[in-house]
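Structure assessment
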Amino acid sequence: MALRIDTVAPGSQAEGLGLGPGDELLSVDGNAINDALDYQFYTDSPGFHLTARVGGAERSWEVARRPGEEFGCSFSTYLGDKKHSCANRCIFCFIDQLPPGMRRSLYFKDDDERLSFLFGNYITLTNMHDHEIDRIIRMHISPINISVHTTNPELRSKMLANRRGGETLGYLRRLVEAGIAVNCQLVLCRGVNDGDELRRTLSDLLEMAPMVQSIAAVPCGITAYRQGLYPQQPYDAASSAEVIDIMEAFGDKAKAAHGSRIVYPSDEWYLCAGRPIPPAAFYEDYAQLENGVGMWRLYEDSFLAELARPHAVYSAKKMDVVTGTMAAPLITAMMAELHRQYPMIEVTVHPIENRFFGGNVGVAGLVTAADIIAQCTGRLDSGVLGVPEVMLRSERDMFLDSVTVDELAARLGVRVEILPADGGKEARALLRSGLHIARRKRPQKEVSHE
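Residues numbered from 1 in each chain as written. Predicted model: local features only at pLDDT ≥ 70, side-chain atom pairs only at ≥ 80, totals over all residues. Heavy atoms only, no water.

**Some details on the packing of aromatic side chains**
Counting across every chain of the model gives ten aromatic pairs. Seen from their ring centres, Phe94 and Phe357 are 5.8 Å apart, and the 50 degrees between their planes marks the pair as tilted. Placement of the pair is Phe94 in the loop between strand 7 (73-74) and helix 3 (113-119) and Phe357 in the loop between strand 13 (345-352) and helix 14 (369-376), with a sequence separation of 263 residues. With a relative accessible area of 1%, Phe357 lands in the buried category. Between Tyr264 and Phe282, the aromatic rings sit 6.2 Å apart at their centres with planes inclined by 80 degrees, giving edge-to-face as the arrangement. Of the two residues, Tyr264 sits in strand 11 (residues 263-265) while Phe282 sits in helix 11 (residues 280-283), which places them 18 residues apart along the sequence. Accessibility assignment for this pair places Tyr264 and Phe282 in one class, buried. Put simply, the rings of Tyr264, Phe282, Tyr283 and Tyr286 pair up and form one aromatic cluster. Directly above the aromatic system of Phe250 lies the positively charged group of Lys253, at a separation of 4.9 Å from the ring centroid. (Phe/Tyr/Trp six-rings, centres within 6.5 Å; stacked < 30°, edge-to-face > 60°. Helix = DSSP H or I, 4+ residues; strand = E, 2+ residues; numbered from the N terminus. Buried < 20%, exposed > 50% of the residue type's maximum accessible area, 1.4 Å probe, protein only. Lys NZ or Arg CZ within 6 Å of the ring centre and 35° of its normal.)

See the structure below:
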């Protein structure tokens, strides 16, 4: 294998050696260079032996690196090659449930260990082999995020629809024994990997603690587009409560044994079961926030903490805000508290039912512009619509259904404000106006984060 150079920085050491676009890096100190991760790891050294193919001929150099400077090579992608795609056909895969006609990139299933390291993506290990596990250990890439789902080999193979699903569980133990920290994700399917299977999985994973440093369980997402797929039954209040009881019991054991809960149910379980979200101490360092574990608690606490700070407000503000049905009770309560303390600020919350995906989808991050337009036309009185940034792609300009923020604003005849996902930052954004009036203190008996 080799890594083809796309560009070379002017004045860099790479240019000084005569390297240019189209040349190929072959090895550093005898280690093959297959992608950008190899390149970054092996060239991050005071000195190294480099072999490359220049103009079709193989050449070698002894390189003494300049302190603090990049060597100077760039590649056609940030990985140096294509993303590794998923080799599974999981019975719960959300991408398989997407409606047709969306952006092509949304249908790509990645399962790339490098994205786990760089961006926190979860991987199943099923498209990896010994040499790739060896590289993680050699480079000590830690932590690695792994979609485990179950530690029952036969069941895992069935859930991933991949015969390697069970055998690659051995890689998890190899990583842990080599000192690689692991965060684990369990997507639970009702009647499949919950109940006693969940107890088995948690028992097996906690045997590898504390290198297995966190375990989160989330319910299978179900859309209206499951034709021909494995039949899934949504969780209800009783079955969600059963999951919570199992997860909390194992979390209590882990806390006693290791000083950390390690095991966390996502917020959806508590909302579906009708149980209060635990206090902040339960979530410790919020290790699984991206899986929706403690997101509700962190948002509420940070929003209220910001309201408790003094704010000078200089004019009245009226605004409409959209959110998903799951977060609607929380957002509505926070906007009511904002108005109680600062009466000149009025925010009307519009819970958006997800008709685009259907099923049990209620998170704000999957709300589309089409649903906002359909459900908000003629109902926005303020002329300003607040849209949570989680509804948009990373560039903050487009929804999942490819409608841009500007197009949404034009269709609804409003000005759109993009609101931060962080509760404290959102509170600050909403408080950037209004004639200053002394904040009304919250009655002590109302102070409850339960």
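Moving on from the coordinates now.
**A short note on the UniProt feature "domain: PDZ" (unreviewed entry) in the protein**
Mapped onto this structure's residue numbering, the UniProt feature "domain: PDZ" (unreviewed entry) falls at residues 1-35. As annotated, residues 1-35 comprises 11% helix and 31% strand, and the C-alpha atoms at either end are separated by 9 Å. (UniProt positions renumbered as here; feature names shortened; annotations may be inferred.)

**A look at the sheet that holds strand 10 (residues 212-219)**
Taken in spatial order, the four strands make up an open sheet running 8-9-10-11, and their pairing is parallel. Two strands lie at the open edges of the sheet, namely strand 8 (144-147) and strand 11, each paired on one side alone. Averaged over neighbouring strand pairs, the angle between their axes works out to 20 degrees when direction is ignored. Of the pairings in the sheet, the one linking strand 9 (residues 182-188) to strand 10 comprises seven bridges and is parallel in character. Following the sheet pairing, Leu188 is matched in strand 10 by Pro219. Across the sheet, helix 8 (residues 195-206) touches strand 9, strand 10 and strand 11, and the angle it forms with strand 9 is around 175 degrees. (Pairing = 2+ DSSP bridges. Axes fitted to C-alpha atoms, helices over the stretch in contact; angles between N-to-C directions. Contact = heavy atoms within 4.5 Å.)

**Comments concerning the layout of surface pockets**
Over the atoms rolls a probe the size of a water molecule, and its path tells where empty space is left. A volume near 330 Å³ is recorded for the second largest pocket. At the level of elements, strand 4 (31-32), helix 2 (36-43), helix 3 and helix 4 (130-139) are the ones that each hand at least two residues to the lining of the second largest pocket. A total of four residues in the lining of the second largest pocket trace back to one element, the largest contributor, which is helix 4. Tallied by class, residues from the lining of the second largest pocket come to three nonpolar, four polar and eight charged. (1 Å grid on protein atoms, 1.4 Å probe; cavity = no way out; pocket = protein on both sides within 12 Å on 5 of 7 lines; lining within 4 Å. Points joined across faces, edges and corners; volume = space filled by probe spheres on them. Nonpolar A, V, L, I, M, F, W, Y, C, P; charged D, E, K, R; others polar.)

**What to know about the pairing of strand 10**
If a strand is regular, its side chains alternate between the two faces of the sheet. Among the eight residues that make up strand 10, seven are buried, leaving the element largely enclosed by the rest of the structure. For the handedness criterion, the β-α-β arrangement of strand 9, helix 8 and strand 10 is classed as right-handed. Where strand 10 and strand 11 come together, three bridges link them in parallel fashion. Paired with Ile215 across the bridge in strand 11 is Val263. For the segment spanning strand 10, helix 9 (residues 237-258) and strand 11, crossover handedness is right-handed. (Right-handed = clockwise from strand over helix to strand, strands pointing away.)

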